[in-house]
Amino acid sequence: MPPVLPSGISPDEADFLLQSYQFALPETQIAQYPPEERGNSRLLVMPRTGTLELQHTMFDNLPSYLPPSSLLIANNSRVLQARLLGTRSTGGKVEFLLLTPLPLLCKHARADTSGGHYAEAEGLIRCGGSLRDGECLHFGAGINVTLLETGAFGRRRVRLSWKGELAKAFAATGHIPLPPYIKRPDTEEDASRYQTVYASEDKTGSVAAPTAGLHFTQEMRTELSAAGFGWAEVTLYVGYGTFSPVRTQDIRGHRMHREYVEISESTATAIAEAKRQGRPIVAVGTTSLRALEGVAEQCGHVQAFTGWTDIFLYPGARFRVVDGLLTNFHLPESSLIMLVSAFAGRQRILAAYAEAVRLDYRFFSYGDAMLIR
């Protein structure tokens, strides 16, 4: 392929236009199912700067393409069965998608007079008719939702009440909230395949998977360790806002959704030590990158942290922590394609995507992977 100028700190005006992040993608290349075997995915490797020389391989060859002695940072959040199907008091059907991170609900939960618990939450509701504030919706496993207030873009503030342990109640009756571009109901297979192998039970609460991590097997984890690569984890509870379109024609006017982040002292120490030794930091997925860069933006460096990030990374952004990125292919005009464009240059990313389309790569959550190094 012809050389492409490396990305610089000064973007051009086209980088700020929403229409600049459009690309042609046949619907047949949007992966509707995971590969038959976890990790049996293709891997497109591209340099972050310099001549755009793309390499095409399989994901099980990842260790051969990572920068030597890299420290990989992965998001260990686990997807909650956050999509509930239930009924209104009128008998009509209703669907509820929980948006509030589970740890915050548990932290602020109060006991009710029936021996259960309740907390305020935010969610999306879909039903056949109009809803009114004060209406109570009924779901399985003792979960009820009372409408309190209607917000922007269909979001609702609600009172969520439940019996027993909240995560178990959702697991008993809820569904895996597959992305809107997967045009089928969730299945038993999704309950395992839409989770990473390193997802932590005590980090349950995401409403979307950190999909770059879906390619990893335990065997790959062992191989990476044996080859001298480091591994550390952060937690970012992925919100449904990751699928929200950018609606402003000048992307600088976009307001990014907030997501809840937890970084441990041990992970912060591992990153500081790798930086001191000159070892590259490779983020496994855009959620891991947003966690690291969001905390660094707020605190000046990565440190132990519990709180929110709403960092929006688009061309011209400064990256303080991450040197390489393993990621999937992202939607046109999404905040995530803007993030990878900030990391490696918009024209470079679009050229790589065009090549991936030409070579029939699988796109989005259950699709193939890209390594930017």
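Everything here concerns the structure above.
Residues numbered from 1 in each chain as written. Predicted model: local features only at pLDDT ≥ 70, side-chain atom pairs only at ≥ 80, totals over all residues. Heavy atoms only, no water.

Asker: Describe the pattern of salt bridges, and please don't skip the residues or the numbers.
Answerer: Applying the stated rule across the entire model yields 21 salt bridges. The shortest N-O distance in the salt bridge between Glu 273 and Arg 276 comes to 2.5 Å. Pair noted here: Glu 273 and Arg 276 are both in helix α6 (residues 265-277), with a separation of three residues, about one helical turn. What emerges from the salt-bridge pattern is a single network uniting Arg 83, Glu 95, Arg 126 and Asp 186. (Salt bridge = Lys/Arg side-chain N within 4 Å of Asp/Glu carboxyl O. Helix = DSSP H or I, 4+ residues; strand = E, 2+ residues; numbered from the N terminus.)

Asker: Tell me about unusual backbone geometry, residues and numbers included.
Answerer: If you check the backbone angles, Ala 141 has positive phi at about 60° while not being a glycine. Along the polypeptide, Ala 141 turns up in the loop between β9 (136-138) and β10 (144-150). Phi at Glu 333 is positive, roughly 60°, even though this residue is not glycine. Note on placement: Glu 333 falls in the loop between β17 (324-328) and α8 (335-344).

Asker: Talk me through α6; I want residue IDs and the actual numbers.
Answerer: Every α-helix winds through 3.6 residues per turn, so residues three or four apart in the chain are directed the same way. In this model, α6 (13 residues) spans 18 Å end to end at C-alpha, consistent with the 18 Å of a helix rising 1.5 Å per residue. All buried positions along α6 are accounted for by Thr 267, Ala 268, Ile 271 and Ala 274. Summarising the axial view, the buried residues of α6 lie within an arc of 125°, below the 170-degree limit, and thus occupy one face. Across from the buried face of α6, at angles greater than 90 degrees, the exposed residues are Glu 265, Ser 266 and Arg 276. Looking at the buried positions of α6, the neighbouring elements they touch are β3 (71-75), β13 (230-237), β14 (259-263), β15 (281-284) and α7 (286-299). Gly 278, located one to two residues past α6, shows a positive phi value of around 75°. (Expected span 1.5 Å × (residues − 1). Buried < 20%, exposed > 50% of the residue type's maximum accessible area, 1.4 Å probe, protein only. Arc of directions from axis to C-beta. Contact = heavy atoms within 4.5 Å.)

Asker: How would you explain the pairing of β3 if you had to name every residue and give the values?
Answerer: Here β3 lies mainly inside the structure; five of its five residues are buried. Side chains Leu 71, Ile 73 and Asn 75 of β3 all project onto a buried face; the interleaved residues Leu 72 and Ala 74 project onto the opposite face, where all are buried too. Pairing of β3 with β13, which is carried by five bridges, proceeds in the parallel orientation. Following the sheet pairing, Leu 72 is matched in β13 by Trp 231. Of the pairings in the sheet, the one linking β3 to β15 comprises four bridges and is parallel in character. Across the sheet, Leu 72 pairs through a bridge with Val 282, a residue of β15. (Pairing = 2+ DSSP bridges.)

Asker: Before we move on, can you summarise α8 with the specific residues and values?
Answerer: Burial analysis of α8 places ten of its ten residues in the buried class, the great majority of the element. Within α8 the residues assigned to the buried category are Ser 335, Leu 336, Ile 337, Met 338, Leu 339, Val 340, Ser 341, Ala 342, Phe 343 and Ala 344. Turning to α8, the residues buried within the fold contact β1 (42-46), α7, β17, α9 (346-358) and β18 (369-372). Gly 345 sits one or two positions beyond α8 and adopts a positive phi of about 100°.

Asker: Describe the side chain of Ser 41, naming the residues involved and giving the relevant values.
Answerer: Tracing the chain through its elements places Ser 41 in the segment before β1. Separated by 3.0 Å, the side chains of Ser 41 and His 215 make a polar contact. Setting aside its immediate chain neighbours within four residues, Ser 41 contacts Pro 35, Met 58, Phe 59, His 215, Gly 367 and Asp 368. (Polar contact = N/O pair within 3.5 Å; in protein donor to acceptor, adjacent residues only side chain to side chain.)

Asker: Quick rundown of the packing of aromatic side chains? Include the residues and the values.
Answerer: As enumerated under the stated definition, the model contains 21 aromatic pairs in all. Between Tyr 260 and Trp 308, the ring centres sit 5.2 Å apart and the planes meet at 70°, which makes this aromatic pair edge-to-face. Of this pair, Tyr 260 sits in strand β14 while Trp 308 sits in strand β16 (residues 305-309), placing them 48 residues apart in sequence. Owing to a relative accessible area of 26%, Trp 308 belongs among the partly exposed residues under this scheme. Centre to centre, the rings of Tyr 353 and Phe 363 are 5.8 Å apart; their planes meet at 80°, and the pair counts as edge-to-face. In this pair, Tyr 353 sits in helix α9 while Phe 363 sits in the loop between α9 and β18, placing the two residues ten residues apart along the sequence. In this structure Phe 363 comes out as buried when scored by relative accessible area, which is 0%. Here a set of aromatic residues connected by ring pairs shows up, and it is made of Phe 23, Tyr 181, Tyr 240, Phe 243, Phe 329, Tyr 353, Tyr 361, Phe 363 and Phe 364. (Phe/Tyr/Trp six-rings, centres within 6.5 Å; stacked < 30°, edge-to-face > 60°.)

Asker: Explain the sheet that holds β14 residue by residue, including any values.
Answerer: Strand pairing within a sheet occurs via backbone hydrogen bonds; the two strands may be parallel or antiparallel. Taking strand neighbours across the sheet as the criterion, the nine strands line up as β2-β1-β18-β17-β15-β3-β13-β14-β16 in an open arrangement whose pairing is mixed. This sheet does not close on itself; its edge strands, each paired only once, are β2 (55-58) and β16. Between one strand axis and the next, the sheet turns through 25° on average, direction left out of account. Examined bridge by bridge, β13 and β14 share three bridges and lie antiparallel to one another. Bridge pairing in β14 places Thr 235 opposite Glu 262. Packing of α9 onto the sheet brings it into contact with β1, β2, β17 and β18, and relative to β1 it is tilted by some 150°. (Axes fitted to C-alpha atoms, helices over the stretch in contact; angles between N-to-C directions.)

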